Amino acid sequence: MTDIPALRLQDIVKTFPGVRALDGVSFQVMPGEVHALLGENGAGKSTLMKVLGGIHQPDEGKIFIAEQPAIMKSPLDAKSKGVVFIHQELSLADELSAAENIYLGELPRKSFGRVDWKTLYEKSDAILARLKCSFDSRKLVGDLSIANKQMVEIARALTVDAKAVIFDEPTASLTDAEKVVLFDVINDLRSDGVGVVYISHRMDEIFTISDKISVLRDGSYRGSLVTADTDEDEVTKLMIGRSLDSENPIVPAKKGPIALEVQGLSCGDLFQNVSFKVHEGEVVGFYGLVGAGRTEIAETLFGLRAPSAGKILLEGKEVKIASPIEAIGHGISLVPEDRKGQGLVLGMNCKDNMTLPQISDLTAGPFVSDGAEVAIFDQYRDRLQIKTPGWRQKVGNLSGGNQQKIVIGKWLSMAPKVLIVDEPTRGIDVGSKAEIHNLIRDLASQGYAVIVISSEMPEVLRVSDRVVAMFHGEIIREFTSDEVNEDNLVQAISGIRTTKVA
Amino acid sequence: MKPYLKQSAIWGFVVLELIFFSVAGEFLSLSDKAFMDLDNMLLLFKQSAPIGIIALGMTVVMINGNIDLSVGAIFALCAIIMLDSMKWPIFAGLGDWVILVGWLLALLSGMVLGLINGLIVWKTGVDAFIVTLGSMLGYRGLVFMYNGENPTSNLNWTMVDIAEADILGIETPTIVFVICTILVWLLMTRTVHGRNAYAIGDNREAAVNAGIRVGPHMVWNFVLIGFLAALSAVVFYSASGSVNPNDGTLYELWVITAVVLGGTKLTGGSGSVIATFGGVIAIQLLRKGLGHIGADTAMVNLVIGLILIAVLFLDRQLNRKGKEELRT
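Residues numbered from 1 in each chain as written. Chains lettered and ligands numbered in written order. Predicted model: local features only at pLDDT ≥ 70, side-chain atom pairs only at ≥ 80, totals over all residues. Heavy atoms only, no water.

Participant: An account of the overall build of chain A is needed here, citing residue identities and associated values.
Facilitator: Scanning chain A from N- to C-terminus turns up 17 helices and 22 strands. Relative to the 2.2 N^0.38 estimate, which gives 23 Å for 502 residues, the radius of gyration of chain A is 25 Å and therefore close to what a compact globule would have. With the C-alpha coordinates aligned to their principal axes, the bounding extent of chain A is approximately 70 × 50 × 50 Å. Going through the 502 residues of chain A one by one, you find that 55% of them count as buried. Taking the intrachain contacts of chain A between residues at least 6 apart in sequence as the baseline, contacts between residues at least 24 apart amount to 65%. When the accessible surface of chain A is totalled, it reaches about 21,100 Å², and 50% of it is carbon and sulfur. Once the 56 positive and 70 negative side-chain charges of chain A are each reduced to a mean point, those two points are 3 Å apart. (Helix = DSSP H or I, 4+ residues; strand = E, 2+ residues; numbered from the N terminus. Rg over C-alpha atoms; globule rule 2.2 N^0.38 Å. Buried < 20%, exposed > 50% of the residue type's maximum accessible area, 1.4 Å probe, protein only. Contact = heavy atoms within 4.5 Å. Areas by Shrake-Rupley, 256 points an atom, 1.4 Å probe, with all protein chains shown as cover. Lys, Arg positive; Asp, Glu negative; His and termini not counted. Charge placed at Lys NZ, Arg CZ, Asp CG, Glu CD.)

As structure tokens, then:
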């Protein structure tokens, strides 16, 4: 297109007390280019974006928009200058219509401050049409699917003449099918000559969508690669400064007896007539679109939901599970999807989180015994190789991978029979993902019955001995690790019941 | 300095008050006694006790993620039950043992009133703020139904002697306050119940997922605060022997002020019993100190209000991580 970068950052330095968060970072995006920005958690991506969005002011360095120097005073200021953000966490008002959300803060006005509804809906519908969205802009955002909410968020970015659009982990809550739609939108932006910055942890996406890849590590710029001329290994090396831990090859499980059997389990509209078995020493992966009922099955097994029909059998005996307390008593553990919201008490230290379900058994007289707790913590810190300065560290200050290990350690210390892991590596950086995957395999080989729920196909294929494909609350098909591949799995989760064995 | 201030800002504030009033007192006070006179300080602890004992319970309830606005009404209702029950004909033959009966009845009533709050919060799922706002009005209504606008009195000299007894100059209310502080502190820092209360207040969903019985823990904490409100009434009215139906009004706000001044978060999951003790002392110091240098009650309230906001602003500044938080 042109030779003028849509957006250019030059030698940006930003320090916080005790930390040099950004150390002279330079970075540019040409119009019509999709530029992926990679880095592990803490590499400085978020700080860089906050500088760009006007939330932080840089200590040194300059920002240029189309080679004009710019100072971003606030997110709104950045937007008016043509730099817009699509955030990882959606920031929409559920009780307002899509149109109101799109023009939030800048609703078209008539005299006396009245809202010009007609213009509002016309303009909003036009933007949604550009994004190929089929829903009406009058619809409440709360009634939209996650993917459509994301579209509203993107529509919001397109209300101004955007020079650069920054996507921050946009696919975190999208399914594979919904990602395709998002990538179409990004491709459209590219052909419209917008500079796109794409931040993500997911290698496959980056190689699908980007033209160039830039890497940050420890707050400094580590180089750019042309996507077409590189591969995952090279990018990973640049990103973590070493070669990735190799994932252990899958050792097919030595199946023990059946640990958990579910027969005809239903829960209202959420899932119907679900039957499956999990053997000791086996990992069963559950794959499907968001809303296919996978998490809900896990919640039912853990006593958080009451089933409307069906049976749960543990080691051949039927059990009723009315609460998490009973589930834990039966040896079922759940590592939940939302680690920070459902799994951890962020204000507490590592040790307290680890022993939370069992402190009533760790008492000496009327008091909790610190010694017994620390012993348990030390044992699982060593076993799971949790990296923390000590048990006094607040879990909120640990990295995602180590937080996940604390949750897993918490349940292992309860000696479970069945371990359910929902989205084991959500929000965990590439370097730690392999570690968590290896850990899951190890647990199976130690005889635990493991259920892994994941929206990432490579992950499911990687860790599972068997894969259960779900669609609209039903199990469509079960695959063994020999017969499963990306194609037949995609078909199954789209609801295509094929009897043909691939 | 900063980490130390973060943890115990309240004690720094207490020291600051002591210095200020000692110095200012030299110039402004009409009395020739020093502010930090031993008798004056002992009196201060004694006067802190009624609010302080309740504040211990409020700390626990707030750490647990709830609040109790009905403490003032429970305080008054239990005082009436204590003083009036001692005159009931069925206890006529008990002599001075009737004092013990009155006390136990009052404490039991406090626990029952707290239990009612707790059960409603647990079983209905209505916010504790709303539930206890309702019970505050309801319990106060019971107070007025009991004896109309008239005070309820029963002066028993044996009881007064016990209430005003002292060990080495430290009087009963102070002793009760200090012992309760230690016990509640142990409860919150050393026991399973305390640990779970923090976990529930910080992240209720994670607590449920860890198999913690959230409801019973919350109920026990409401019973505890009911008990402590009643104990506060027992300590105070054993000495005074007369309760007006309006007594204890606005206690909930003073109690919450002390707790918040001590750094406990309104959102739950974080707070300290010892810091609440400091908050209680800080407020009482302020009242006494301002009185000492000649300010009237209206002025005292104005200053306490301003200081509350100033201290919490300072706390926010100290506990912020750089400038990372969102501008709103």
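That was the structure; now back to the text.
Participant: Tell me what's going on with the nonpolar core, and back it up with residues and numbers.
Facilitator: Ranked by internal contacts, the top residues of the largest apolar core, which has 100 residues, are B:I53, B:M58, B:M82, B:M188, B:Y237 and B:L285. Counting residues per element, this core draws most heavily on helix 2 (residues 38–63) of chain B, at 13 residues. Here B:L285 is in contact with B:V14, B:E17, B:L18, B:F21, B:F35, B:M41, B:L44 and B:L290, once residues within four sequence places are set aside. Within the second largest apolar cluster, 64 residues are counted, among which are A:I332, A:M354, A:L412 and A:I440. (Core = buried A, V, L, I, M, F, W, Y, C linked by side-chain atoms within 4.5 Å.)

Participant: Can you tell me about a nonpolar patch on the surface, naming the residues and giving the values?
Facilitator: All names here are of chain B. A cluster of nonpolar side chains, contributed by V15, I19, V23, F27 and L28, occupies part of the molecular surface with about 520 Å² of accessible area. Within the secondary structure, V23 is located in helix 1 (residues 2–28). For V23, a relative accessible area of 45% translates into the label partly exposed. (Patch = residues over 30% accessible without salt bridge, like charges linked within 9 Å, V, L, I, M, F, W, Y side chains within 5 Å. Salt bridge = Lys/Arg side-chain N within 4 Å of Asp/Glu carboxyl O.)

Participant: I'd like a rundown of the pattern of salt bridges, residues and numbers included.
Facilitator: A complete count under the given rule lists 31 salt bridges over all chains for this structure. Note that A:K351 is salt-bridged to A:D352, the shortest N-O span being 3.4 Å. Judged by its relative accessible area of 3%, A:K351 is buried. According to the relative accessible area criterion, A:D352 is buried, its value standing at 10%. Through salt bridges with shared partners, a single ionic network connects A:K351, A:D352, A:D370, A:E373 and B:R195.

Participant: Which residues make up the packing of helix 14 (residues 400–412) of chain A against helix 15 (residues 430–445) of chain A, and what are the values?
Facilitator: When two helices pack together, you describe them by how their axes are tilted relative to each other and by the distance separating the axes. Residues and elements named next belong to chain A. One can describe the packing of helix 14 onto helix 15 by two numbers: an axis separation of 10 Å at closest approach and a directional angle of 15°. Judged by the inter-axis angle, helix 14 sits roughly parallel to helix 15. Handedness of the helix 14/helix 15 crossing: left-handed. Contacts from G401, Q404, K405, I408 and L412 of helix 14 reach helix 15 at S432, E435, I436, L439 and L443. Of the residues contributing to the contact of helix 14 with helix 15, the split by class is five nonpolar, three polar and two charged. (Axes fitted to C-alpha atoms, helices over the stretch in contact; angles between N-to-C directions. Parallel < 35°, antiparallel > 145°, perpendicular 65-115°, else oblique. Left-handed = near helix turned anticlockwise from the far one by under 90°. Nonpolar A, V, L, I, M, F, W, Y, C, P; charged D, E, K, R; others polar.)

Participant: Pulling in residues and values, what's your account of the packing of helix 11 (residues 251–261) of chain B against helix 12 (residues 273–292) of chain B?
Facilitator: All names here are of chain B. With their axes 7 Å apart at the nearest point, helix 11 and helix 12 run at an angle of 115° to one another. In this structure, helix 11 crosses over helix 12, and the sense of that crossing is right-handed. Along its contact with helix 11, which presents W254, T257, A258, V259 and L261, the element helix 12 presents T276, G279, V280, A282, I283 and R287. Here the residues of the contact of helix 11 with helix 12 sort into seven nonpolar, three polar and one charged.

Participant: Quick rundown of empty space enclosed by the protein? Include the residues and the values.
Facilitator: All names here are of chain B. Applying the stated criterion across every chain, the model contains two cavities of 30 Å³ or more. Estimated volume of the largest cavity: approximately 60 Å³. Surrounding the largest cavity, S48, I51, W254, A258, V280, I283, Q284 and R287 form its lining. Only helix 2, helix 11 and helix 12 provide two or more residues apiece to the lining of the largest cavity. No other element matches helix 12, which puts four residues into the lining of the largest cavity. Split by residue class, the lining of the largest cavity holds five nonpolar, two polar and one charged. Approximately 30 Å³ is the volume attributed to the second largest cavity. Taken together, F13, L261, A282, I283, L286, I304, I307 and L308 make up the full set of residues lining the second largest cavity. Within the residue set of the lining of the second largest cavity, elements represented by two or more residues are helix 12 and helix 13 (297–319). Of the residues belonging to the lining of the second largest cavity, the class tally is eight nonpolar, no polar and no charged. (1 Å grid on protein atoms, 1.4 Å probe; cavity = no way out; pocket = protein on both sides within 12 Å on 5 of 7 lines; lining within 4 Å. Points joined across faces, edges and corners; volume = space filled by probe spheres on them.)

Participant: Give a description of the side chain of A:E33 that names residues and reports values.
Facilitator: All names here are of chain A. With respect to the element layout, E33 can be found in the loop between strand 2 (19–29) and strand 3 (34–38). No salt bridge is formed by the buried E33, whose closest oppositely charged neighbour, K212, lies at an N-O distance of 4.6 Å. Among the polar contacts made by the side chain of E33, one reaches the side chain of H35 at a distance of 3.3 Å. With residues near it in sequence (within four places) discarded, E33 still touches Q28, V194, G195, V196, D211 and K212. (Polar contact = N/O pair within 3.5 Å; in protein donor to acceptor, adjacent residues only side chain to side chain.)

Such coordinate-based values are descriptive only and should not be taken to indicate function.
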